[in-house]
Amino acid sequence: MAYPEKFSGFQSPSADKWLEFDKNSWDPRPFGDYDVDLKIECCGVCASDMHTISGDWGGCPYPLAVGHEIVGKVLKVGPKVTLAKVGQRVGVGAQVYSCGECRQCKNDNETYCKHMIDTYGAKYLDTGYTTQGGYSSHARIHEYWVYPIPDGIPSSDAAPMLCAGITVYSPLKRFGAGPGKKVGIVGIGGLGHYGVMFAKALGAEVWAISRSRAKEADAMKMGADGFIATGEEGWDTAHKMTFDLIVNTANSFDGFELNRYLSLLDVHGRWNSVGLPGGSGVIIKNQDFIENGCFIGTTHLGSRREMLEMFELVAAKGIKSWVEEIPISRAGLQKAMEKLQKSSVRYRSCMVGYEEAFGA
């Protein structure tokens, strides 16, 4: 495979022109002993991409290529690399660096490292280089953050799992989703559809929770044992204090009655929010969770160990992403962003056709 001097990609130029996606080139950061270069094959589309470049989450370093659900083939490895090899198909998620030395890194909590670097829009302190994401021809990544993809998983199925998938797999695994446990998944979208499938694959009783019954048939096909529509009167009555774990993936807190959701949890049950909606959030009062003593929290991505475990589970159980492939281009990226804005994705988009866009 040809080796490029520059990487290229579709960059958003500014907050007011974030959908223009100019095709530009840039110098990659200096190649290190533990680095892996890969030629990107496809990249999933995450709501984080839209929120970042549109300015919803504040400023970002334009021009910026986003995308942090990357699958590609390894072109080159540094002399000290042991976790990847040339020609291997690998994935990269939403984080590309941690220090490897702190308490968090040494306890499989590297996604909480205070020195973490995001896949796009973050600076390497030693070089000042700003990371560019997967709407690009190539990526240069520290080997620890490069994951082998099992042969039986198609690339466009695997890509969205590198952020959406691991984001729900980690709390499901950490908090004991499995046989004998009742698990709720709030929000049946890009994250939530993985939540349903993974919780079922882990052996739990799974309930999909959504505002209406529009996605009920899909949720049952994904493996849900039951469905709760929160727009219906008395939706919470029959399920009070019966859930061991609820993972919230909802992308909006408009009209969100958190106290009613928390009332579904058993004593010391867990409410884990992993969605990142905009707005001012929700108000939490002690009275909302004192009756069952439930725990309220969140998790951030998942460790390398969890990522590898997730892909083992996906391969063993034959789990398939509900994914729509879109050829990468300015128009293709605009289409993907429009689908995010309209919440019409069923249930994840993946940009493909990289050779046509960037060359072989």
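How each quantity is defined
Residues numbered from 1 in each chain as written. Predicted model: local features only at pLDDT ≥ 70, side-chain atom pairs only at ≥ 80, totals over all residues. Heavy atoms only, no water. UniProt positions renumbered as here; feature names shortened; annotations may be inferred. Axes fitted to C-alpha atoms, helices over the stretch in contact; angles between N-to-C directions. Helix = DSSP H or I, 4+ residues; strand = E, 2+ residues; numbered from the N terminus. Left-handed = near helix turned anticlockwise from the far one by under 90°. Contact = heavy atoms within 4.5 Å. Nonpolar A, V, L, I, M, F, W, Y, C, P; charged D, E, K, R; others polar. Phe/Tyr/Trp six-rings, centres within 6.5 Å; stacked < 30°, edge-to-face > 60°. Buried < 20%, exposed > 50% of the residue type's maximum accessible area, 1.4 Å probe, protein only. Lys NZ or Arg CZ within 6 Å of the ring centre and 35° of its normal. Salt bridge = Lys/Arg side-chain N within 4 Å of Asp/Glu carboxyl O. Core = buried A, V, L, I, M, F, W, Y, C linked by side-chain atoms within 4.5 Å. Domains from an automatic or database assignment. Pairing = 2+ DSSP bridges.

As recorded by an unreviewed UniProt entry, the protein carries the name alcohol dehydrogenase (NADP(+)) and is attributed to Tolypocladium paradoxum. Regarding the protein, the relevant UniProt record gives this comment under Subunit (unreviewed entry): "Homodimer." On record in UniProt, under Catalytic activity (unreviewed entry), the comment for the protein is "a primary alcohol + NADP(+) = an aldehyde + NADPH + H(+)".

A.B. asks: Explain the packing of helix α2 (residues 155-174) against helix α3 (residues 192-201) to me, please; I cannot follow it from the model alone.
C.D. replies: For any two helices packed against each other, the geometry is given by the interaxial angle and the distance between the axes. Where α2 meets α3, the closest approach of the two axes is 9 Å, and the angle between their N-to-C directions is 65°. The crossing of α2 and α3 is right-handed. Contact with α2, carried on its side by D157, P160, M161, A164, G165, V168, Y169 and L172, involves Y194, G195, F198 and A199 of α3 and no other residues of that element. Of the residues belonging to the contact of α2 with α3, the class tally is nine nonpolar, two polar and one charged.

A.B. asks: Is there a simple way to think about the packing of aromatic side chains in this case?
C.D. replies: Geometrically, a pair of aromatic rings is defined through the distance of the ring centres and the angle of the planes. For the structure on display, the rule yields 13 aromatic pairs. Aromatic side chains Y144 and W145 sit 5.4 Å apart centroid to centroid with 70° between the ring planes, which places their arrangement in the edge-to-face category. On the basis of relative accessibility, which here comes to 26%, the residue Y144 falls in the partly exposed class. Where F253 meets F256, the ring centres are 5.2 Å apart and the plane angle is 75°; that geometry is what we call edge-to-face. Take F253: its relative accessible area is 21%, and that puts it in the partly exposed class. The exposure class assigned to F256 is buried, which follows from its relative accessible area of 12%. Taken together, the ring pairs in this structure connect W235, F253, F256, Y261 and W271 into an aromatic cluster. Positioned above the aromatic ring of F31, the side-chain terminus of K76 is 4.2 Å from the ring centre. Over the face of the ring belonging to W207 we find K182, whose NZ or CZ atom lies 5.2 Å from the ring centre.

A.B. asks: What is the right way to read the pattern of salt bridges from this model?
C.D. replies: Think of it this way: side chains of opposite charge can pair up when their charged atoms draw near. The final tally for this structure, using the stated rule, is 21 salt bridges. Its salt-bridge partner being R348, residue E69 comes within 2.7 Å of it at the nearest N-O pair. Residue E69 is found in the loop between α1 (47-54) and β4 (70-77), and its partner R348 is found in strand β17 (residues 348-352); the two are separated by 279 residues along the sequence. Per residue, the accessibility class of E69 equals that of R348, and both read buried. Here K335 ties to E324 by a salt bridge, and the two come within 3.7 Å at their closest N and O atoms. Here K335 is found in helix α7 (residues 330-341), whereas its partner E324 is found in strand β16 (residues 323-327), with eleven residues between them in sequence. In this structure K335 comes out as partly exposed when scored by relative accessible area, which is 41%. A single salt-bridge network, built from bridges that share partners, covers D108, K173, R305 and E309.

A.B. asks: Is there a simple way to think about the nonpolar core in this case?
C.D. replies: Generally speaking, nonpolar side chains in soluble globular proteins are found buried as a group. By size, the foremost hydrophobic cluster in this structure holds 90 residues, and its most contacted members are Y135, L172, F198, M310, F311, I328 and M351. Inspection of this core shows a minimum of three residues originating in each of domain 1 (7-163 + 323-358) and domain 2 (165-298). Residue contacts for M351: discarding those within four places in its chain leaves E41, C42, C43, V45, Y135, I326, P327, I328, G332, L333 and A336. Grouped together as the second largest cluster of nonpolar side chains are 16 residues, I228, F243, Y261 and L262 included.

A.B. asks: Even after reading the chapter, I still don't get the environment of F253, so can you show me in this structure?
C.D. replies: Structurally, F253 can be placed in the loop between β13 (243-248) and α5 (258-262). In this view, F253 contacts N248, P277, G281 and V282; residues no more than four positions away in its chain are not counted.

A.B. asks: Any chance you could explain the sheet that holds strand β15 (residues 295-297) here in plain terms?
C.D. replies: Either a parallel or an antiparallel arrangement is found when strands of a sheet pair, and the pairing is made through backbone hydrogen bonds. Spatially, the six strands line up as an open sheet ordered β12-β11-β10-β13-β14-β15, and their pairing is parallel. Each end of this open sheet is capped by a strand with a single partner; those strands are β12 (226-229) and β15. Here the strands of the sheet are splayed against their neighbours by 15° on average, with no regard to which way each runs. When strand β14 (residues 265-273) meets β15, the two strands line up parallel, connected through three bridges. Pairing of N272 across the sheet is with G297, part of β15.

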